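Here is what each chain is made of, one letter per residue.
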Amino acid sequence: MKSLTSPRPAAVPADAPPAAAAAAALDRQRIASLVQRQGVFAVLLAVVLVSSFVFPSFGTLDNARGVTVQASFLSVVALGMTLVIITGGIDLSVGSVFALGGVLAAWASQYGLLPALLLPLAVCGAVGLLNGLLIARAGMAPFIVTLATLLAARGLLLSLTHEGATTYLVPRGSAFAELGQGTLWGFGYPVLIAVALFVLGGVVLQRTSFGQALFAVGGSADAATLMGLPVARTRVLVYVLSGLLAGFAGALNAARLSSGVTIIGVGMELDAIAAVVIGGTLLVGGAGSVSGTLWGVLLLAVIQNLINQIGSLNSSYQSVVSGGFLIVVVVAQRYLARARLTT
Amino acid sequence: MAPPEAAAAAPPEDTDPAVPPAVLEAIGVGKRFPGVVALDDVSLTLRQGEIHALVGENGAGKSTLIKVLTGVHRPDSGELRLHGQPVSFARPYEAQQAGVSTIYQEVNLVPLMSVARNIFLGREPKNRLRLIDFPRMHREAAELLAGFGVTADVRRPLGSLGVGTQQMVALARAVSVQARVVVMDEPTSALEPREVETLFRVIGELHSRQIAVLYVSHRMDELYRICDRLTVLRDGRLVHTGDLADLDRMQLVSMMLGREVAEVRRHGVTGFGEGHRADREPVLTATGLSRRHQLDDVALQLHPGEVLGLGGLLGSGRSETAKALAGALPLDSGTVTVAGRRLRRLTSAAAIRAGISLLPEDRKAEGVIPGLSVRENIVLAAMPRLSRAGVVSRARQDRIVEVFMKRLRIKASSPEQKVGELSGGNQQKVLLARWLCLEPRVLLLDEPTRGIDVGAKAEVQALVDELAQEGLAVLLISSDIEELVEGADRLVVLRGGAVAGELTGDRVGEAELLEVLAAHGPGAGGGTSGDTAPDEAAEEEQG
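Residues numbered from 1 in each chain as written. Chains lettered and ligands numbered in written order. Predicted model: local features only at pLDDT ≥ 70, side-chain atom pairs only at ≥ 80, totals over all residues. Heavy atoms only, no water.

Asks: Sorry if this is basic, but what is going on with the overall build of chain B here?
Replies: Secondary structure summary: chain B contains 21 helices and 22 strands in total. The buried share of chain B, taken over its 543 residues, is 53%. Across chain B, contacts joining residues at least 24 apart in sequence account for 67% of those joining residues at least 6 apart. For chain B, the accessible surface area stands at approximately 23,000 Å², while carbon and sulfur atoms represent 49% of it. (Helix = DSSP H or I, 4+ residues; strand = E, 2+ residues; numbered from the N terminus. Buried < 20%, exposed > 50% of the residue type's maximum accessible area, 1.4 Å probe, protein only. Contact = heavy atoms within 4.5 Å. Areas by Shrake-Rupley, 256 points an atom, 1.4 Å probe, with all protein chains shown as cover.)

As structure tokens, then:
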């Protein structure tokens, strides 16, 4: 090996490029990896800074509180979605499950805080378990399974509320209502809870065997099986987590709104997927981070807020801008992934 | 032939006072797949500390036996015993928990995850909070890999390393678990000579730690160098089991093939015949093929009726050259002329139209479509010719498929059998048939006999010979020097993506080839076995 590092005679100039190329490739990989992980954060930061100068009302603490509370519910749903997408799956049911969790929590809130939290968690966890078992044990496609539960959960929800005719209200001033509406240091509890869940999610993903297994299953399920990882169990668990998080987010939202809203959460799964992908998680699985998802959710929320600030623009343009971001990110990811793996 | 270490690695067993106890046993194991009996009453005993060779032609049942032993498949009949106790592995996980560790033929790790994470996946070192201790994980991974001659940064994604290095990482992972048995399915097929030495050293260490190794390889030299005992399978049945020292190579080959020793002798080691006459105009001329970091002004000519060998070490640009000729690798510059006509745009479609066919190196990823039938795989490339106004004539398909299945002696239950169910050698023949039915003028063969058994190897070699005799221009790439030298009429040797020399006539020989490689070799310090591909070596310097 020694002789390889020593300067080569000029007679073989063809040898210089590979070494230099390898060094360049390494730099390229590092940069690509950095952009993939922190690119959204940089974009978010830039958008926030510029907007603060342009729109005086944007950079206020009040506005920040409003935006973060708005974003907190989607962020919790997107957290679960991140874990699912890292395993190479997808969970389309989260929007319906979110609404189901909200209605169940609102109904149960008349019996106190604990039932209001446990009932939605139990039911939504069960939906997630069904998803997971059908996908991991029965070998069905995640897209189809979760599309089916999307419809089923929405149907269940409609029958619970008699097609939306019945609205369950959260008792005024109850501990459950406080969970959604109370604040600490000016920030709503949902924001603090979401931040805590993201910290926890980050630790689970990056620092536990379960988290590593998620990456392995998404990176190569065959390899993970042959390496002796419990692939099926990991998959089941990740859909259960996604269901739990979506249901919990729905419950929090019901607490904030003081009622279970039937028509909420339609299309939310798509926002969650968009946030996850904008956050740098590969849609094919195997790579991603929860921090990226957090920035992705905030970016979507900030864009919406900005369009509201401008006022003259139709708020539907938010979707146009979000869609544009998504395309940019997906195209960038393609090149970044290639740069990371080429030598 | 065997170097001195052989004695240390494989002490003769008859000096042992007692036979070491069995660790893992398969007793009368049977396994069926749709239409095939993969294993029929096969028994195998793996004793403590022995290095046991498992040999047989492709389709003999080796892979199936390994999968049964390691929990991927469950046997239909018979039983497994671990330390004398009956066991049943429902999943690979259970086999690993029981101390049976496996390195599969294709690297089976996760390319997007870092080297260290791959090594410790499922058994990550934890700190007091039960969280993964990354500093410790990286340190331990680096220490472990240093013992395998790998100095790459363990935080890099595994997929960014060379295939040989990835294989060493897989090996490191397999032996670093508390294994009692290590199963290696053709571990050397992607390794450099230097890495093979490292592997053998590691196997020697396993041997001294009383760990049993089940070693599958097609390379006779390796078997005789490191193995104590062997088991021979043929057509899913047990043919022989015993000490390797009691068999000479000819006996072994004849046992694997099920032919008489005299017959094997008469046919020689490889299936190639005499040289070919090729003094006509070149059918293919390539000049100035260049691609950043990979190819540097490569030029070559191919004549009708000749086999041109493309020599060089792994990473020298052999496969890249073949791919470039077939239009499968975008070039920065360079021209390819076929039969006097220059290809203006070098794309796969243009190359195929001009009559260039490439049999790629990685038949799994770039060649056969396992879910399609033999017929569908064969006619895939010929579709445009077999169809009129987009409608494919089934009768013409069947005729062509029949002709090629017979001519290439493809062993399949019917043309409708899925290619994924065939053995590696037969899959290779299906690929060859696919390109031959296009009636190409130039055939590029990248490692046509890698991973296929002795019998099929000789058949493929004889076929290459036949094709050249019929006037096809063949470019042959092979890591097997013997195959390259015997098969080629002329040799172009590559190094670092550039042509390092050409050997013609009497100069086509192993010694001459090594000379060209060594003359330009990167510091002749370690002799021929120390030669490494420049890219990979440079890459490891970064560690």
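Still to come is the rest of the account.
Asks: Help me out: how do you make sense of the packing of aromatic side chains in this one?
Replies: Both the distance between ring centres and the angle between the ring planes are used here to describe each pair of aromatic rings. All names here are of chain A. Counted under the stated rule, the structure contains two aromatic pairs over all chains. An angle of 40° between the planes, with centres 4.6 Å apart, marks the rings of Phe 41 and Trp 295 as tilted. Taken together, the residues Phe 41 in helix H2 (residues 16–54) and Trp 295 in helix H13 (residues 290–310) connect sequence positions 254 residues apart. Given the relative accessible area of 30%, Phe 41 is considered partly exposed. With a centroid separation of 5.6 Å and an interplanar angle of 70°, the aromatic rings of Trp 107 and Tyr 111 are classed as edge-to-face. (Phe/Tyr/Trp six-rings, centres within 6.5 Å; stacked < 30°, edge-to-face > 60°.)

Asks: Whenever I open this one, the packing of helix H8 (residues 189–207) of chain A against helix H9 (residues 209–219) of chain A confuses me. Can you help?
Replies: A pair of packed helices can be characterised by two numbers: the angle between their axes and the separation between those axes. All names here are of chain A. In contact at an axis separation of 5 Å, H8 and H9 are set at 70° when each is read in the N-to-C sense. If you check the angle between H8 and H9, you find them roughly perpendicular. Residue-level inspection shows Val 204, Leu 205, Gln 206 and Arg 207 of H8 in contact with H9, the latter providing Ser 209, Phe 210, Gly 211, Gln 212, Leu 214 and Phe 215. A breakdown of the residues in the contact of H8 with H9 according to their chemical character gives five nonpolar, four polar and one charged. (Axes fitted to C-alpha atoms, helices over the stretch in contact; angles between N-to-C directions. Parallel < 35°, antiparallel > 145°, perpendicular 65-115°, else oblique. Nonpolar A, V, L, I, M, F, W, Y, C, P; charged D, E, K, R; others polar.)

Asks: What should I look at first to understand the pattern of salt bridges in this one?
Replies: Where charged atoms from two side chains of opposite charge come close, those side chains can pair. All names here are of chain B. Summed over the entire model, instances satisfying the criterion amount to 19 salt bridges over all chains. Notably, a salt bridge pairs Arg 201 with Glu 205, separated by 3.3 Å at the nearest N-O pair. One end of the pair, Arg 201, and the other, Glu 205, are both in helix H7 (residues 193–208), four residues apart, so they sit about a helical turn from each other. Here Arg 394 ties to Asp 398 by a salt bridge, and the two come within 3.3 Å at their closest N and O atoms. Here Arg 394 pairs with Asp 398, and both are found in helix H16 (residues 394–407), just four residues apart, close to one helical turn. (Salt bridge = Lys/Arg side-chain N within 4 Å of Asp/Glu carboxyl O.)

Asks: Could you clarify how one ought to interpret the packing of helix H5 (residues 113–137) of chain A against helix H11 (residues 231–257) of chain A in this entry?
Replies: All names here are of chain A. Interhelical geometry of H5 versus H11 gives an angle of 150° and a closest axis separation of 7 Å. Taken together, the axes of H5 and H11 lie roughly antiparallel to each other. The interaxial crossing formed by H5 with H11 has right-handed handedness. For the contact of H5 with H11, the residue count by class is 16 nonpolar, six polar and three charged. (Left-handed = near helix turned anticlockwise from the far one by under 90°.)

Asks: Help me understand the sheet that holds strand E22 (residues 498–504) of chain B, please; the structure alone is not making it clear to me.
Replies: The strands that make up a sheet are held in pairs by hydrogen bonds between backbone atoms, and each pair lies either parallel or antiparallel. Residue and element names in this part refer to chain B. Taken in spatial order, the six strands make up an open sheet running E16-E19-E20-E13-E21-E22, and their pairing is mixed. Two strands close off the open sheet at either side, each with one partner strand: strand E16 (356–359) and E22. The sheet shows a mean angle of 20° between the axes of neighbouring strands, direction not considered. Pairing of strand E19 (residues 442–446) with strand E20 (residues 473–477) involves five bridges; the strand directions are parallel. (Pairing = 2+ DSSP bridges.)

Asks: When you look at empty space enclosed by the protein in this model, what are you seeing that I'm missing?
Replies: Leftover empty space is mapped by rolling, across the atoms, a probe with the size of a water molecule. Taken as a whole and assessed by the stated rule, the structure comprises four cavities of 30 Å³ or more. Size it by volume and the largest cavity reaches roughly 180 Å³. Lining the largest cavity are 16 residues, with Leu 226 and Met 227 of chain A together with Thr 102, Ala 170 and Arg 173 of chain B positioned closest to its centre. The greatest single-element share of the lining of the largest cavity, amounting to four residues, is contributed by helix H6 (residues 163–176) of chain B. Partitioning the lining of the largest cavity into residue classes produces nine nonpolar, five polar and two charged. Here the second largest cavity is characterised by a volume of approximately 50 Å³. If you go around the second largest cavity, the residues you meet are Phe 98, Ala 99, Gly 102, Val 103, Gly 250, Asn 253, Ala 254, Leu 257, Ser 259, Gly 260, Val 261 and Ile 264 of chain A. Of all elements in the fold, only helix H4 (94–108) and H11 of chain A reach the threshold of two or more residues within the lining of the second largest cavity. A breakdown of the residues in the lining of the second largest cavity according to their chemical character gives seven nonpolar, five polar and no charged. (1 Å grid on protein atoms, 1.4 Å probe; cavity = no way out; pocket = protein on both sides within 12 Å on 5 of 7 lines; lining within 4 Å. Points joined across faces, edges and corners; volume = space filled by probe spheres on them.)

Asks: Looking at this structure, how should I read the sheet that holds strand E11 (residues 284–291) of chain B?
Replies: Residues and elements named next belong to chain B. Spatial strand order, E12-E11-E14-E15: four strands in an open sheet with antiparallel pairing. In this open sheet, the two strands that pair with only one neighbour each are strand E12 (295–302) and strand E15 (341–342). In the sheet, E11 pairs with strand E14 (residues 333–338) via five bridges, with the strands oriented antiparallel. Counted as the bridge partner of Thr 285 is Thr 337 from E14. The strands that helix H11 (residues 318–325) touches are E11, E12 and E14; relative to E12, the one it contacts most, it runs at about 65°.

Asks: Is there a simple way to think about H6 of chain B in this case?
Replies: Note: α-helices contain 3.6 residues per turn, so residues at a spacing of three or four share the same orientation. Residues and elements named next belong to chain B. The first and last C-alpha atoms of H6 sit 20 Å apart over 14 residues, in line with the 20 Å expected at 1.5 Å per residue. Taking burial as the measure, the 14 residues of H6 include 12 buried ones, the bulk of the element. Every buried residue belonging to H6 is among Gly 164, Thr 165, Gln 166, Gln 167, Met 168, Val 169, Ala 170, Leu 171, Ala 172, Arg 173, Ala 174 and Val 175, and all of these are buried. (Expected span 1.5 Å × (residues − 1).)

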